[in-house]
Amino acid sequence: TMQSSGHRFRDVEHHPLLADNDTFDSSSSSSEADMAERVWFIRDGCGMVCAIMTWLLVVYADFVVTFVMLLPSKDFWYSVINGVLFNCLAVLALSSHLRTMLTDPGAVPKGNATKEYMDNLQLKPGEVIYKCPKCCSIKPERAHHCSICKRCIRKMDHHCPWVNNCVGEKNQRFFVLFTMYIALISAHALVLCGFQFFSCVRGQWTECSDFSPPVTVILMIFLCLEGFLFLTFTAVMFGTQIHSICNDETEIERLKSEKPTWERRLRWEGMKSVFGGQPSLLWINPFAGFRIRRLLLRGKKGGPEFSV
């Protein structure tokens, strides 16, 4: 099937998600607010293992930094300043990870490519649309089907097992923040390891740590390896994401060398469309838009909407 007109795609893109039975009801009057009350979670074994590993590695880094390097230090302000900074960055990183994982990336309504719905679209003669044969949905422009999420995702960049979710139109901002904060705490941990090694060698490992010298060395070596690997990976991913946003091009579109059929945004406009509004501290705040009341309502409604 061929591509439909722009206004038809916009109508489809803003259609609310379906209920638990994943069937489409053209008479449904649910709104975007109703959609926001549902929890998005992908039940993929590999993704859940990778997400748990991410949290455990951050907790390990926090343990080594706090209990092996900072608390035994005789310099009070050195310990306090670095401890507060590292733990704040860790909280921001894990919060960004959670919001990336639990935010709908921009899923297209599943199973809405029915004759009844097609008739309701009131297409003009000769006007055609895309249809995804895998999830039986009307596919907007720039949407791609994810075999893991089992949904078509608007502006899908890629599926990331480390966040157990697709990176798409609605959660790309949180993914960018996740890579940025992980890169920052990795760099911070490497710097602290360098100072700690220098301090321990100069003091001949006496009163260097509350742990024995062999244990201290092993813990710090593992932290250095973890920090170097995570810094390299997340810094590259952060740069790639910013480049894609500025060029208004997803990773899938770049790899497939797809010729743009849409009007590309200017670089600054692309950044504002992803991060929302004019530049401010809200751009780097993963808690922006989060409502505890909404989370409590979600819990009362009975758990995840999707179990794929």
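Since the structure is predicted, the reported quantities are computational estimates derived from the model, not experimental observations. (Residues numbered from 1 in each chain as written. Predicted model: local features only at pLDDT ≥ 70, side-chain atom pairs only at ≥ 80, totals over all residues. Heavy atoms only, no water.)

(A) Structural context of the side chain of His97. As for its placement among the helices and strands, His97 is situated in helix 4 (residues 76-102). Looking at His97, the relative accessible area reads 0%, which means it is buried. Within the structure, His97 has its side chain in polar contact with the side chain of Trp55 (distance 3.2 Å). In this view, His97 contacts Ala51, Thr54, Trp55, Trp162, Val163 and Phe178; residues no more than four positions away in its chain are not counted. (Helix = DSSP H or I, 4+ residues; strand = E, 2+ residues; numbered from the N terminus. Buried < 20%, exposed > 50% of the residue type's maximum accessible area, 1.4 Å probe, protein only. Polar contact = N/O pair within 3.5 Å; in protein donor to acceptor, adjacent residues only side chain to side chain. Contact = heavy atoms within 4.5 Å.)

(B) Up close: the UniProt feature "transmembrane region" (unreviewed entry) in the chain. Under the feature "transmembrane region" (unreviewed entry), the UniProt entry names residues 45-70, 76-94, 174-197 and 217-238. A distance of 27 Å separates the end C-alpha atoms of residues 76-94, which is 100% helix and 0% strand. Taken end to end, residues 217-238 comprises 100% helix and 0% strand; its first and last C-alpha atoms sit 31 Å apart. (UniProt positions renumbered as here; feature names shortened; annotations may be inferred.)

(C) Fine view of the nonpolar core. In terms of nonpolar packing, the biggest core is built from 37 residues, with Val65, Met69, Phe175, Ile182, Leu223 and Phe275 touching the most fellow members. Of all elements in the fold, only helix 3 (45-70), helix 4, helix 6 (172-202), helix 7 (213-246) and helix 9 (267-275) reach the threshold of two or more residues within this core. In contact with Phe175, other than residues within four places in its own chain, are Thr100, His158, Cys160, Val163, Val167, Met237 and Gln241. Listed in part, the nine residues of the second largest apolar core include Ile42, Met156, Cys166 and Ile252. (Core = buried A, V, L, I, M, F, W, Y, C linked by side-chain atoms within 4.5 Å.)

(D) Region of the structure containing the pattern of salt bridges. Overall, the coordinates contain six salt bridges when judged by the stated rule. Lys170 serves as the salt-bridge partner of Asp104, at 4.0 Å between the closest nitrogen and oxygen. Separated by 66 residues along the polypeptide, Asp104 in the loop between helix 4 and helix 5 (115-121) and Lys170 in the loop between strand 6 (165-167) and helix 6 bring together distant segments of the chain. As a salt-bridge pair, Lys272 and Glu269 come within 3.2 Å of each other at their nearest N and O atoms. Highlighted residues: Lys272 and Glu269, both in helix 9, separated by three residues, approximately one helical turn. Three or more residues joined by partner-sharing salt bridges are found here, namely Arg142, Lys155 and Asp248. (Salt bridge = Lys/Arg side-chain N within 4 Å of Asp/Glu carboxyl O.)

(E) Local environment of the confidence of the model for the chain. In the predicted model, the chain carries a mean pLDDT of 80, and the fraction of residues at 70 or more is 79%. By mean pLDDT, the top-scoring element of the chain is helix 4 (96), and the lowest-scoring one is helix 1 (residues 6-13) (37). Confidence over residues 1-37 falls short of pLDDT 50; this stretch has 77 contacts with residues more than four positions distant or in other chains. Below pLDDT 50 for its whole length, residues 299-308 participates in 26 contacts with residues either more than four positions away or in separate chains. (pLDDT = per-residue confidence, 0-100.)

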